[in-house]
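A look at the structure
Here is how the chains run, residue by residue.
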Amino acid sequence: MSTPSDSQPPTPNPQPPVRVRIAPSPTGDPHVGTAYTALFNVAFARHHGGQFVLRIEDTDRTRFVEQSERLIFDSLRWLGLTWDEGPDVGGPYGPYRQSERVEFYQQCARELVARGQAYSCWCTPERLKRVREEALARGEPPKYDRLCLGLAEAQRSQRPDFSPRPVIRLRMPSEGETSFEDVLRGRISFQNALIDDQVLLKSDGFPTYHLAVVVDDHLMHISHVIRGEEWISSTPKHVVLYQDFGWELPVFVHLPLLRNRDRSKVSKRRNPWAVLPWFRGQGYLPEALRNFLALMGWSMPDGREIFTLDEMVQAFSFERMSTTSPIFDLEKLDWLNGHYIRQLPLDELTARTLPFLDRAGLPASQNVAYVRDILALEQERLRELAEAPQMVDFFFADRLVYDPRLLVGKGMTPQQTLEAIKATLALVETIQPFDAPALEAAIRGLTGQLGLKTGSFFMALRVAVTGRTVSPPLFQTMAVLGRARTVACLKAACDEVAQMG
Ligand code: GLU
């Protein structure tokens, strides 16, 4: 006989829900590495039906940049990497800005001090500098010498180099090792004796990164800390803090660093392009940049290089993540971007390109249908939307500027060129319909009649109507320019050649 409990579903998965976060510091333009980390956090969270949290780590007031937070929000939204909880959207574990959470950190630091796991340090910066330099001179790790450990303020104030505004330091174990498992790298161990007594609370009462990150990841129920490998050496300090607080460790995943071809780190200092607003301004499509970042150290099970965020989410696993630092190759990004541009429906391409043309001073928004026709010709060649203005500006020019010698093709005299352009002009003024097939048939016909070489003749016409030697297909260009503009260009070219004598 079955009881009601027999028909109950099996015990739910005991794993805690997946909750991940990125924690950028608003210290300037957001680094492309922030998007990289965000992408892998998002992919992991969405794959597991978990939550992605955006936390702003703004406790370093000396490096705080006012506009930076907004730029982080805008850039990540532009990339489609949206968060479930954050300073602007709220959530159950807020506030999500560390500057608004200072009491939590102070309280936690006080607890550690009360338990002897942290201590106040009143040493002046000058003394700390001296201690560091002396240790280095002896060939030892530059650690704090624990002068203040075990002293009360009154005792310490009797000694030199006393500052009335103390910091709080973590009391690191002096022996043994601290280890943790990294999903990508396995077990990583550090000798405690080499690790400094990290400052947790600064003299201004603000926490350092190390205290704040641990307190917040715990209070925000972060299950997996997925961040860049530059934080590996900080992790043992965090592990000691988790142990001191008696909190459960999150799972750690340290992603490889993005590197240049010469293996140097992609950094804002070295690579001025390495900030998210640059990619946007250059006209990279968010879907292309996202796809490109997904290929940095990760691959699809079937090895395909072009895929959407949803496809990545579906297939996501850290098993196919490599720890070898991926090379950030802008040429590959250009290739991908070109691919995504070619895939865009023409109306969409037009909508996305208009702001670039407007910003360059071209009357684009007033002439959307014209821009659409122009982009139909350029879509194949366009690799970044910011290239569009200089590719298409001749379509808007009242008078083209070029070297008239370019009009006179190989094996042609100025006189022959003039006659050829005049003949074309006569034809173009009356031809019906004014479209590419009709223009091509008629103008090709002239080649034979006038005994011209096609290459030289068409080059003269190309220069005449575009002002350049490389352009979209000639007859389609004329058709888009329209009769009036084409006629004006050909007349102007006649004047130029006539003046050459
Ligand atoms: N605030 C750190 C950063 O700017 C966060 C590091 C971490 O994810 O723990 O990258």
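Definitions and cut-offs
- Every chain begins its residue count from 1, and numbering advances along the sequence as written.
- Local features in a predicted model are, by the rule used here, given only for residues with pLDDT of at least 70; side-chain atom pairs are given and counted only at 80 or more, and totals for whole chains, interfaces and linings are based on all residues.
- To obtain the side-chain values, all non-hydrogen atoms of the structure were used and water was disregarded.
- Buriedness for pockets is judged along seven lines, at least five of which must meet protein on both sides within 12 Å for an open set on the 1 Å grid over protein atoms alone, while cavities are sets there where a 1.4 Å probe fits but cannot get out, and lining residues have an atom within 4 Å of a point.
- Grid points are joined across faces, edges and corners, and a volume is the space filled by probe spheres set on the points.
- Elements are defined by DSSP. Helices are runs of H or I of four residues or more, strands are runs of E of two residues or more, and each kind is numbered from the N terminus.
- Each residue is assigned to one class: nonpolar for Ala, Val, Leu, Ile, Met, Phe, Trp, Tyr, Cys and Pro, charged for Asp, Glu, Lys and Arg, and polar for all the others, Gly among them.
- In this description, a line fitted to the C-alpha atoms serves as the axis of each element, helices being fitted only across the stretch in contact, and the angle between N-to-C directions of two axes falls anywhere from 0 to 180 degrees.
- In this scheme, roughly parallel covers angles under 35 degrees and roughly antiparallel covers those over 145, while 65 to 115 is roughly perpendicular and the rest are oblique.
- Residue contacts are defined here by distance: any two heavy atoms, one from each residue, within 4.5 Å place the two residues in contact.
- Only the six-membered ring of Trp is used, alongside the rings of Phe and Tyr, when aromatic pairs are assigned; centres must lie within 6.5 Å, and planes under 30 degrees apart are stacked while those over 60 apart are edge-to-face, with the rest tilted.
- Burial classification: accessible surface area is computed with a 1.4 Å probe over protein chains only, and a residue below 20% of its type maximum counts as buried, one above 50% as exposed, and the rest as partly exposed.
- Cation placement over rings: the criterion is NZ of Lys or CZ of Arg within 6 Å of the ring centroid and within 35° of the ring normal.
- What pLDDT conveys is the predictor's confidence in a given residue, as a value from 0 to 100.
- Here, nonpolar core refers to any group of buried Ala, Val, Leu, Ile, Met, Phe, Trp, Tyr and Cys residues whose side-chain atoms link them within 4.5 Å.
- Strand pairing is assigned whenever DSSP detects at least two bridges linking the two strands.
- If you view a crossover with the strands going away from you and the path from the first strand over the helix to the second runs clockwise, you call it right-handed.
- To estimate the expected span of a helix, count its residues, drop one, and scale the result by 1.5 Å.
- To be near a molecule or strand, a residue needs just one of its heavy atoms within 4 Å of it.
- For the purposes of these results, a polar contact is taken to be a pair of N or O atoms within 3.5 Å, where, inside protein, one atom must be able to donate a hydrogen and its partner to accept one; residues adjacent in sequence count only when each atom of the pair is a side-chain atom.
- Only the protein chains shown count as cover for residues, with accessible areas throughout obtained via the Shrake-Rupley method and a probe of 1.4 Å.
- For a cavity or pocket, the test is whether more than half of a molecule's atoms lie within 2 Å of its grid points; if they do, the molecule sits there.

The subject of this paragraph is the layout of surface pockets. Of the volumes computed, that of the largest pocket is approximately 1,200 Å³. Contributing to the lining of the largest pocket are 41 residues, with A23, P24, S25, E230 and W231 lying nearest its centre. Listed by contribution, the elements that provide at least two residues to the lining of the largest pocket are strand 1 (19-22), helix 1 (32-47), helix 6 (209-219) and strand 8 (224-228). It is helix 1 that provides the largest number of residues to the lining of the largest pocket, a total of four residues. Grouping the constituent residues of the lining of the largest pocket by class yields 18 nonpolar, 12 polar and 11 charged. What the second largest pocket holds in volume is close to 490 Å³. Lining of the second largest pocket is provided by 22 residues; of these, P16, P17, H221, I222 and S223 occupy positions nearest its centre.

This part is about the packing of helix 3 (residues 102-114) against helix 7 (residues 235-245). Relative orientation of the contacting elements helix 3 and helix 7 amounts to 75°, with a least axis distance of 11 Å. With respect to their mutual orientation, helix 3 and helix 7 come out roughly perpendicular. Side by side, helix 3 and helix 7 meet where C108, E111 and L112 of the first sit next to L241, D244 and F245 of the second.

Before going further, it helps to examine the packing of aromatic side chains. Counted according to the given criterion, the structure contains 25 aromatic pairs. Ring geometry for F245 versus W247: centroids 4.1 Å apart, planes at 15°, classification stacked. The exposure class assigned to W247 is buried, which follows from its relative accessible area of 18%. Among the aromatic side chains, those forming a connected cluster through ring pairs are Y36, F40, F44, W298, F307, F316 and F318. Here R61 stacks its cationic end above the ring of F64, 4.5 Å away from the centre of that ring. R359 extends its terminal NZ or CZ atom over the ring of F356, reaching a point 5.0 Å from the ring centre.

Here we come to the confidence of the model for the protein. Averaged over every residue, the pLDDT of the protein is 95; residues scoring 70 or more account for 97%. Within the model, pLDDT remains below 50 along residues 1-14, and this stretch shows one contact once partners closer than five positions in the same chain are excluded.

Among the nonpolar cores identified, the biggest contains 112 residues, and L293, M312, F328, F395 and I443 are the most heavily contacted of them. With 11 residues, the single largest contributor to this core is helix 18 (residues 474-500). Of all hydrophobic cores here, the second largest spans 32 residues; its members include Y105, Y209, I232 and V240.

Okay, the pairing of strand 1 next. Burial along strand 1 is two-sided: R19 and R21 facing one way and V20 and I22 facing the other are all buried. Sheet topology places strand 1 next to strand 2 (residues 51-54); four bridges connect them, and they run parallel. Paired with I22 across the two strands is L54, which belongs to strand 2. For the segment spanning strand 1, helix 1 and strand 2, crossover handedness is right-handed.

Quick look at helix 1 now. Helix length check: helix 1, at 16 residues, gives a terminal C-alpha distance of 23 Å against a target of 22 Å (1.5 Å per residue), a fit within 8%. Of all the 16 residues making up helix 1, 14 are buried; the element is thus mostly covered by neighbouring parts of the structure.

Around the ligand, the neighbouring residues are R21, A23, S25, E57, Y209, V213, R227 and W231. In this structure, a nitrogen atom belonging to the ligand sits 2.7 Å away from a main-chain N or O atom of A23. Alone, the ligand offers 300 Å² of accessible surface; in the complex the protein occludes 82% of this. For the ligand, the cavity whose grid points lie within 2 Å of the majority of its atoms is the largest pocket.

So, about the side chain of D217. Here D217 lies in helix 6. Residue classification places D217 among the buried residues on the basis of a relative accessible area of 2%.

Taken in spatial order, the three strands of this open sheet run 3-4-7, and their pairing is antiparallel. At either margin of the open sheet sits one strand with a lone partner, and together these are strand 3 (118-123) and strand 7 (199-201). Between one strand and the next, the sheet's axes are offset by a mean angle of 50°, whatever the strand orientation. Note that strand 3 and strand 4 (residues 162-170) share five bridges and pair antiparallel. From the neighbouring strand, S120 faces strand 4, where its bridge partner is I168. Seen against the sheet, helix 3 touches strand 3, strand 4 and strand 7 and runs at an angle of roughly 125° to strand 7.

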